[in-house]
Amino acid sequence: MIRIAGLTRRQWAALALVLGLAVAFLLPMVVTDYRSFQFTLVIIYAIALMGLNLLTGYNGQISIGHGAFYAIGAYTAAIMMDRWEIAYYWTLPAAGVVCLVSGFLFGLPALRLEGLYLALATFALAVATPQILKYFDSWTGGVQGIVLFKPDPPFGLPLSQDQWLYYFSLAIALVMFWAAWNLIHSRIGRAIVAIRDHPIAAQTMGINAPLYKSMTFGVSALYTGVAGALGAIVVQFVAPDSFSVFLSISFLVGAVVGGLASFTGAIYGGLFVVFIPNISEEISQAAPWAIYGAFLLVFMYVMPSGIAGFLRRIGAWIARRNAS
Amino acid sequence: MPAATVSEREESQAMATPERTRTAAPLLKVEGITVRFGGIVALDGVSFDVESGLVAGLIGPNGAGKTTLFNCLSRLYKANEGDILIDGRSIVGSTPHAMPGFGIGRTFQNLALFQTMTVLENVMVGCHSRTRADFLGSALRLPWIRSEESRAREDAIEMISFLGLDDVAHVTVASLPFGTRKKVELARALAGKPRLLLLDEPAGGMNHDAVEELIALIHDIRERLGITVLVLEHHMNLVMRVSDKVIALDFGRKIADGTPDEVRSDPEVIRAYLGKDA
Ligand SMILES: Nc1ncnc2c1ncn2[C@@H]1O[C@H](COP(=O)(O)OP(=O)(O)O)[C@@H](O)[C@H]1O
Ligand SMILES: [Mg+2]
């Protein structure tokens, strides 16, 4: 067993997890409400990226349309809260189920498509979403969208609204990451990865590849949909133009930059999606997207297997140096 | 769906066992299989039986149609004509992923492993058809899922030991040498506890010692695991030594079917092989 500074690989991972959780827990106590809000968005995007990661990273199906599921989740939450006055926390399971079903149904015909063709089919979904939302304006409020109210912390907890939403999102994220971890490290997860690695061999082993691919699509959409519902609650506003194609592409960028087929990758991706546009704007008011593009190029060039893959390689390098 | 596969298999075994004792129906019955690829007739009305408990060999020069036949047996190709029966039940209407449910396991001529997974994980995928864990139960890590998972792990480790792969159990397969990867494929196929194991050119790329080891292994698979084996090879040597029965193909037609000695001395077989070699 290789040890670095007296700890095994597993122990390092456990230590990193504990430290990460401690930082996540203390963060809203030491930063402003606005920063808490930004980190809440990081958590929400991390959930969405985890969903995309299940599909693209682990199952090998490329989607540039996950913004559509995020939108479906967001509107499910907004409509339930605004029209039916249902408590915000009930909107999450509802958004999850709606997106699970829509993802599964979209995944069925998409089975005929591979690689770039599948990517284009999902792109079609992303392109169509804003206008479909505008068309059903009696439900969605059309171009105006729906404005929501920020929930107060329950049980008289001594937290600001932003702090409460941060902890609420964090709790949801932890549960969902735990479930995804279990799923990936199970018979189902092995089947999902087997289909990506060698679809024919996978079928010969008895894996019903079409069913698993559609189910993975559904579960992936569920994650992104719950993230969308949380996003609506936290941002207190949904409008068709928040869910443009650019959102879908940001998700794919986040998933790839963070590191595909990686749990921590989804978190790094969330940080990238939230903070890199802001940092770009601070650097240049005139051409923030040029700066963003430069960031993207640098990330892809320096870390071709994403931030998570990069850190893993550094860890392996340190271990090797220690061993020799 | 996987749950259905398992119960299907139990059902087929339950139905098949008494029938087999009555009529001694062969485990595998291939009836007049014809496969065409455009103008090429890869298989032309091939028929043969493999009785339970045998090691059967399928020989033929390159391009004879052996792999095509295997791909029909695992439903990767659809036959234009003919029928394939396992224990008297036709598999021709079933999907590839239903084949382990019929008790068919296989290896591939050109390795078909899950490259990013470890040896143990690859072999555990082999247990897929015998396990039932679903999406929700797995995500929630329910108790029955955990016990099924540890049983699958034990089974996989047993197969890994059977093939002497203990040292590399936690190594990613992509980094292993060719011969070791062939063994991983075999372990993965065996983890599905098949009744009929299809081996596509298992000795391909192997040296003399490795072939000797393989011969012992095929005997072990039949004797200790009680699995019927159909070995496909274009080299006669291995097949002649391990098989109770040999079927010879040439240009998609069956040219001989009998004991190794009968087939070895069959004039058509000699001509097919000499013709190719000369
Ligand atoms: N997918 C395919 N498409 C077209 N022709 C094929 C295909 N698979 C096999 N064939 C042809 O069928 C014949 C038999 O091939 P194969 O079964 O691979 O032979 P063997 O395994 O005995 O060497 C060959 O002529 C081969 O070119
Ligand atoms: Mg072949």
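Cut-offs applied
- Residues numbered from 1 in each chain as written.
- Chains lettered and ligands numbered in written order.
- Predicted model: local features only at pLDDT ≥ 70, side-chain atom pairs only at ≥ 80, totals over all residues.
- Heavy atoms only, no water.
- Donors = N, O, S within 2.8 Å, 3.2 Å for Na, K, Ca; no water.
- Helix = DSSP H or I, 4+ residues; strand = E, 2+ residues; numbered from the N terminus.
- Core = buried A, V, L, I, M, F, W, Y, C linked by side-chain atoms within 4.5 Å.
- Buried < 20%, exposed > 50% of the residue type's maximum accessible area, 1.4 Å probe, protein only.
- Contact = heavy atoms within 4.5 Å.
- Axes fitted to C-alpha atoms, helices over the stretch in contact; angles between N-to-C directions.
- Parallel < 35°, antiparallel > 145°, perpendicular 65-115°, else oblique.
- Left-handed = near helix turned anticlockwise from the far one by under 90°.
- Nonpolar A, V, L, I, M, F, W, Y, C, P; charged D, E, K, R; others polar.
- Polar contact = N/O pair within 3.5 Å; in protein donor to acceptor, adjacent residues only side chain to side chain.
- Pairing = 2+ DSSP bridges.

### Re the coordination of the magnesium ion (ligand 2)
- Of the protein atoms, only T67(B) (OG1) and Q109(B) (OE1) coordinate the magnesium ion (ligand 2), at distances of 2.0 to 2.3 Å. Here T67(B) is found in helix α2 (residues 66-73), whereas its partner Q109(B) is found in the loop between β6 (104-106) and α3 (119-126), with 42 residues between them in sequence.

### Observations regarding the nonpolar core
- Of all hydrophobic cores here, the largest spans 84 residues; its most connected members are M50(A), Y70(A), Y223(A) and F243(A).
- Sorting elements by how many residues they give to this core places helix α2 (residues 33-58) of chain A first, with 14 residues.
- Filtering out sequence-adjacent residues up to four positions away, M50(A) remains in contact with Y58(A), F177(A), A180(A), Y223(A), F263(A) and A266(A).
- Counting 38 residues, the second largest nonpolar core, distinct from the first, contains L120(B), V168(B), L176(B) and L186(B).

### Focus on the packing of helix α11 (residues 245-258) of chain A against helix α13 (residues 288-302) of chain A
Residues and elements named next belong to chain A.
- Running from amino to carboxyl end, α11 crosses α13 at an angle of 30°, the nearest separation of the two axes being 11 Å. In terms of axis orientation, α11 runs roughly parallel to α13. For the element pair α11 and α13, the recorded crossing hand is left-handed. Contacts from F246, V253, V256 and V257 in α11 reach W289, Y292, L296, F299 and M300 in α13.
- Of the residues that constitute the contact of α11 with α13, the class distribution is nine nonpolar, no polar and no charged.

### A short note on helix α8 (residues 187-197) of chain A
- In terms of burial, α8(A) is largely enclosed, as ten of its eleven residues are buried.
- Between the side-chain oxygen at the start of α8(A) and the backbone nitrogen of I188(A) there is a gap of 3.1 Å, and the oxygen is on S186(A).

### A few points about the sheet that holds strand β1 (residues 28-37) of chain B
Residues and elements named next belong to chain B.
- Ordered in space as β2-β1-β4-β5, the four strands form an open sheet in which the pairing is antiparallel. If you trace the sheet from one side to the other, it starts and ends with β2 (40-50) and β5 (89-90), each paired once.
- Where strand β4 (residues 81-86) meets β5, two bridges bridge the pair, whose relative direction is antiparallel. Residue pairing for β5: L85 is matched across the bridge by S90.
- Where α2 meets the sheet, its contacts fall on β1, β2 and β4, and the angle it forms with β1 comes to roughly 115°.

### Focus on unusual backbone geometry
- For E85(A), which is not glycine, the phi torsion reads 50° and is therefore positive.
- With respect to the helices and strands, E85(A) occurs in the loop between α3 (66-83) and α4 (91-110).
- Residues other than glycine seldom take positive phi values, yet R141(B) does so here, at roughly 55°.
- Judged by relative accessible area, R141(B) falls into the partly exposed class, the value being 41%.

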